[in-house]
Amino acid sequence: MDFLLVGGPDERASAERIVAKAASPVVNVVGALSLATLLAVLGQARLFLGNESGPMHMAAAAGRAVVGLFGLTDPAVWGAVGVASVTPRRSMPCECIARDLCRRPDRSKACCVWRLEVKAVVDAVRAILSRKVKVVEHAL
């Protein structure tokens with residue numbers, strides 16, 4: 001399996017749109033895994049690509065490399081710890097592209113991550129995958 005989509009039940013519609021447009025096979029388990037199962041699955045992954053979230057931190061705890069997508073939150077404070085990680089970012093604060101959705105100062109309601117260019121994210125993934133990453137065994 002090359003790609004696995006994980007997330008909460010509220011992300012099913014977004015996941016279905018991703019699967020429909022994907023050029024490679026994608027397994028969609030959004031909303032279908034318990035946290036224990038998710039941790040086991042992440043422990044088998046080569047890389048986690050996703051937003052700043054619980055699953056991102058779970059992947060890091062399982063010793064997996066991370067490409068973290070951040071909006072207003074600072075990856076130096078909230079990023080993956082103890083593993084190889086890359087955080088492609090635009091300059092912050094951003095020129096808001098979703099004024100009707102963004103609610104300052106509530107950082108969870110900011111859409112700055114939407115400004116990331118696909119090429120920057122792909123380059124970050126390639127950079128992580130090209131590294132000879134030492135897999136760190138963590139107690140799970």
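Description of the structure in this document. Remember, it's a predicted structure, so these values are computed and weren't measured experimentally.

### Observations concerning the packing of helix α2 (residues 35-43) against helix α3 (residues 54-61)
Phase 1: Where α2 contacts α3, the axes come no closer than 9 Å and their chain directions differ by 55°. By the angle between their axes, α2 is oblique relative to α3. As for how α2 packs across α3, the hand of that crossing is right-handed. Of the residues in α3, those in contact with Leu35, Leu38, Leu39 and Leu42 of α2 are Pro55, Met58 and Ala59.
Phase 2: Of the residues assigned to the contact of α2 with α3, the class counts are 7 nonpolar, no polar and no charged.

### Here we look at the nonpolar core
Phase 1: Residues Leu38, Leu42, Phe48, Met56, Met58, Ala59, Ala60, Val66, Phe70, Ala80 and Val83 constitute the largest nonpolar core, which totals 11 residues.
Phase 2: Counting only elements with at least two residues in this core, the list comes to α2 and α3.
Phase 3: Within the second largest apolar cluster, 9 residues are counted, among which are Val67, Leu69, Val86 and Ala124.

What counts and what doesn't
- Residues numbered from 1 in each chain as written.
- Predicted model: local features only at pLDDT ≥ 70, side-chain atom pairs only at ≥ 80, totals over all residues.
- Heavy atoms only, no water.
- Axes fitted to C-alpha atoms, helices over the stretch in contact; angles between N-to-C directions.
- Helix = DSSP H or I, 4+ residues; strand = E, 2+ residues; numbered from the N terminus.
- Parallel < 35°, antiparallel > 145°, perpendicular 65-115°, else oblique.
- Left-handed = near helix turned anticlockwise from the far one by under 90°.
- Contact = heavy atoms within 4.5 Å.
- Nonpolar A, V, L, I, M, F, W, Y, C, P; charged D, E, K, R; others polar.
- Core = buried A, V, L, I, M, F, W, Y, C linked by side-chain atoms within 4.5 Å.
- Buried < 20%, exposed > 50% of the residue type's maximum accessible area, 1.4 Å probe, protein only.

So far we have only geometry, and geometry alone does not tell us how the molecule works.
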